[in-house]
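Observations on chain architecture
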Amino acid sequence: MMGKSKLEELIALEGKKKKKKKKKQVATRRPACSWVYFSIDFCSREFIREYSASHPESSGLKAATKAASDAWKSMSLEEKAKYTKRSREVWDNYLTTAPARAPKPRKQTNLVTRCSPGRLFNVLQRLTPDQKAAVRSMGFGSLLSLRCRTLRRSLCLWLLERFNTARCSLEICGERIPLSPKDVELVMGLAASGKDVVNSGPDDLIVELRNSYNATNRGISVRLLEERLAAPEAGEEFKRSFILYALGTVLCPTARLDVSPSFLHFLTNMDTIHQYNWGKFLLDRLVREVSRFHQGKQRAVGGCLLFLQLFYYETVSLEGPGSMVPAHGLCLSSWGEEEITEREKRERELGGYGFGEVLCRESCLRIESSRCRAHLDSSQAGRMGTSSEPALGREGNQVERDQMDREIIMDETLPVYIGDKNVVVVCGDIEMVVESVRKACQNIEYGCKETLDYTKKIEHEESCMYSPCSCPLQECDFVGSSEQLSLHFSSKHWDSGRRFRYNCPQAISMGMNESFVVLQAEEDGILFLLNKGIETIGNTVMITCIRPSSSKEKFLYDLVSGRGITSLRLKSLTQNFPGRVEGFPPMDFLLIPFRFLNTTSGQLNVEICIWNSAELGSDCPALDLAIS
């Protein structure tokens, strides 16, 4: 019996050894850094012998490694270049030959986030009347009505698992709900129109601001901002500190504890803060941070999770089909701790999240004005309210008609749901009647001459071709339609861009510090951006078109980068952005390794070709290749 048990132990031990060996064979070793290649050359056997002979008190490999470290630190960048180049070549070869790594399974069940509405809530309670007025003047007055102090992390984690970053949508309750800056405006009260927020640029422009906030590579201390906001001052310094604090704690927090110093780039001129599209900036940052979380690049989640939480509460009803959204104003001020606790209790009673019905907040507003007038003529006074006067007819007294325009009359026993005071809302047994009016498009100052009923106005403005676009140059504040922007750039910045012709290849060089190059078509003046980003192993390059995001027209483009006989190529379609591109949008890009850069000047050389969309047909082979 003893022999048999020993034999079984030996078999089990042998099996473990085989498993370990198999694991070592499968694993692919990552390339070494430049320091390792230097130390291999430096710490040769001959050197170790010589070093041991000359330093008898400290002999061996450990002492030689210490000497190599001291030598490496004293070397200049030019002396290190040989080893750095070698390391990059090995790394590029590793990326092209090594099999793709499967993403690490996420084990965490508890959400880690820096989004902390409670911290902002506590600061808001201590603001003076002058400071609150300063906050309103910047367009952030909605934050003063914040009532939610804690995030429901289980709900946020549930929503993150169902967040489609490629489509910028939530896939919940059996439906796909797209998210837009308009949703941020409805929930958070931040503007969803205006100039794009750009948090990049030359570092020398913000050196003084970085020094004033003691900014390090990690960021700006949140505690330092809290100390500055505690002072009664309400001037420009307070405004800048408040924006940084609001962005770092609630609106656009990163995975780190501190506030990103890149935010200082758009805080150099505090007089233009109210002109920015904060809704788009918040949503873009949220998509970027959630994408990094999905990829396993960071354990903590950045972005405004408070927006996701409140959007879920507002969009998903637990009252069953046919229910409406009560009229309770801004979402940010409607959900306090008591309301959220009651909502979470109802969620648990139904079995968890996702058992409600998805509502459309605008579904009750989509009624034609003709139906409004017809209903107005045929309504009975008893049906409409408690008034004992006869129904308002076509020949009624004008004074009574004017009075009706300013009132909402309905049965006192029914709950009140309000869409808009100038719109008929009909849902179930609830009917509210008011006179419909026509309003001009919000883009009238940019050339739009449309005048529409409210029911059509929202839909028109979402796709209006006159939606504002901002000048891509950082020192210029011009905002106008895409056509106005084209004329502006041609006349004011004719020497700041590169002109090109459709369907004709053109070579472009980008300097080390250039993040984009403006391209303008000679035929129609349309503006494009050749965007460059920096990643760990190289530069990302893509082309975007400066047009309203709702524009359906896209342009096919070709990007080529070469080094010797090796070339990289991308053929894709442009995406439309109303200005500079912020962050890392979910779109195609070309990744160009650093070894493709010009070794002397560090410039990135690419060849571009953009095809005119009007000349692209369904039989265009280039278009077929890009779509496939």
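A brief report on the enclosed structure follows. (Residues numbered from 1 in each chain as written. Predicted model: local features only at pLDDT ≥ 70, side-chain atom pairs only at ≥ 80, totals over all residues. Heavy atoms only, no water.)

1. Let's talk about the nonpolar core
Phe 140, Phe 242, Leu 251, Leu 306 and Phe 307 are the most contacted members of the largest nonpolar core, which has 83 residues in total. Broken down by element, this core gets its largest block of residues, 9 residues, from helix α12 (residues 236-251). In terms of nonpolar packing, the next biggest core, distinct from the first, is built from 30 residues, Tyr 502, Leu 559, Phe 577 and Phe 594 among them. (Core = buried A, V, L, I, M, F, W, Y, C linked by side-chain atoms within 4.5 Å. Buried < 20%, exposed > 50% of the residue type's maximum accessible area, 1.4 Å probe, protein only. Helix = DSSP H or I, 4+ residues; strand = E, 2+ residues; numbered from the N terminus.)

2. Description of the pairing of strand β15 (residues 527-534)
Burial within β15 is extensive, with 6 of its 8 residues counted as buried. Inspection of the sheet shows strand β14 (residues 516-521) paired to β15 by 5 bridges, in the antiparallel sense. Note that in β15 the partner of Leu 519 across the bridge is Phe 528. The antiparallel hairpin formed by β14 and β15 contains 5 residues in its connecting segment, where Gly 525 sits at a positive phi of about 80°. In this structure, β15 lies alongside strand β16 (residues 538-546), joined through 7 bridges in antiparallel fashion. By the bridge assignment, Gly 533 is partnered in β16 with Thr 540. (Pairing = 2+ DSSP bridges.)

3. Comments concerning the packing of helix α11 (residues 222-229) against α12
Running from N to C, α11 and α12 point in directions that differ by 140°, and their axes come no closer than 9 Å. With respect to their mutual orientation, α11 and α12 come out oblique. Here the hand of the crossing between α11 and α12 comes out left-handed. Of the residues in α12, those in contact with Val 222, Leu 225, Glu 226, Arg 228 and Leu 229 of α11 are Glu 237, Phe 238, Ser 241, Phe 242, Leu 244, Tyr 245 and Thr 249. Looking at the contact of α11 with α12 residue by residue, the class counts come to 7 nonpolar, 2 polar and 3 charged. (Axes fitted to C-alpha atoms, helices over the stretch in contact; angles between N-to-C directions. Parallel < 35°, antiparallel > 145°, perpendicular 65-115°, else oblique. Left-handed = near helix turned anticlockwise from the far one by under 90°. Contact = heavy atoms within 4.5 Å. Nonpolar A, V, L, I, M, F, W, Y, C, P; charged D, E, K, R; others polar.)

4. So, the sheet that holds strand β1 (residues 163-164)
With antiparallel pairing, the 3 strands of this open sheet are ordered in space as β1-β2-β3. Looking at strand neighbours, the two that pair on one side only are β1 and β3 (175-178), the edges of this open sheet. Pairing between strand β2 (residues 169-172) and β3: 4 bridges, direction antiparallel. In the strand pairing of β3, Glu 171 is matched with Arg 176. Helix α14 (residues 305-315) rests against β1, β2 and β3 of the sheet, and its axis sits at about 55° to β2.

5. What to know about the pairing of β14
Summarising burial for β14: 5 of the 6 residues are buried, a large majority. Bridge count between strand β12 (residues 498-500) and β14: 3 bridges; the pairing is parallel. Each bridged residue has a counterpart across the sheet, and for Phe 500 the counterpart in β14 is Ala 521.

6. Digging into the pattern of salt bridges
Here the idea is simple: oppositely charged side chains can pair when their charged atoms come close. Per the counting criterion, the structure on display carries 18 salt bridges. A salt bridge links Arg 228 to Glu 237; the shortest N-O distance between them is 3.0 Å. Arg 228 sits in the partly exposed class, given a relative accessible area of 27%. Put simply, Glu 553 and Arg 547 hold a salt bridge, and the shortest N to O gap is 2.4 Å. By relative accessible area, which is 32% here, Glu 553 ends up partly exposed. Classification of Arg 547 by relative accessible area gives buried; the value is 16%. Among the charged side chains, a network of salt bridges with common partners joins Arg 228, Glu 236, Glu 237 and Arg 240. (Salt bridge = Lys/Arg side-chain N within 4 Å of Asp/Glu carboxyl O.)

7. Observations regarding the packing of helix α13 (residues 278-294) against α14
Close contact between α13 and α14 brings their axes to 10 Å; oriented N to C, the two are set at 100°. Classified by the angle between their axes, α13 and α14 sit roughly perpendicular to one another. Between α13, through Leu 282, Leu 283 and Leu 286, and α14, the contact on the second element is made entirely by Leu 305, Phe 307 and Leu 308. Its residues assigned to classes, the contact of α13 with α14 comprises 6 nonpolar, no polar and no charged.

8. Quick word on unusual backbone geometry
Positive phi is not limited to glycine here, since Cys 173 has a value of about 55°. Tracing the backbone shows Cys 173 in the loop between β2 and β3.

9. A look at the packing of aromatic side chains
If you walk through the whole model with that rule in mind, you get 19 aromatic pairs. Relative to Tyr 353, the ring of Trp 158 has its centre 5.8 Å away and its plane inclined at 40°; by these criteria the two rings are tilted. Note that Trp 158 is positioned in helix α8 (residues 153-161) and Tyr 353 in the loop between α16 (337-350) and β5 (357-358), a separation of 195 residues in sequence. Overall, Tyr 353 belongs to the buried group, its relative accessible area being 17%. Between the aromatic rings of Phe 528 and Phe 555, the centroid separation amounts to 5.0 Å while the plane-to-plane angle is 85°, which identifies the pairing as edge-to-face. Here Phe 528 is found in strand β15, whereas its partner Phe 555 is found in the loop between β16 and β17 (556-563), with 27 residues between them in sequence. Given a relative accessible area of 0%, Phe 528 falls into the buried group. What makes Phe 555 buried here is its relative accessible area of 0%. Three or more aromatic residues joined by ring pairs form one cluster here, namely Phe 140, Phe 263, Phe 266, Tyr 276, Trp 278 and Phe 281. Over the aromatic face of Phe 121 sits the side chain of Arg 149, whose NZ or CZ is 5.2 Å from the ring centroid. Geometry around Tyr 213 places Arg 228 over its ring, the cationic atom sitting 4.6 Å from the centre. (Phe/Tyr/Trp six-rings, centres within 6.5 Å; stacked < 30°, edge-to-face > 60°. Lys NZ or Arg CZ within 6 Å of the ring centre and 35° of its normal.)

10. Examining the sheet that holds strand β13 (residues 506-510)
Read from one edge of the open sheet, 4 strands run β13-β21-β17-β18, paired in antiparallel fashion. Only two strands of the sheet have a single neighbouring strand rather than two, namely β13 and β18 (566-573). Going from strand to strand, the sheet's axes swing by 25° on average, the running direction of each strand aside. Of the pairings in the sheet, the one linking β17 to strand β21 (residues 604-610) comprises 4 bridges and is antiparallel in character. The partner of Val 560 across the bridge, within β21, is Glu 607.

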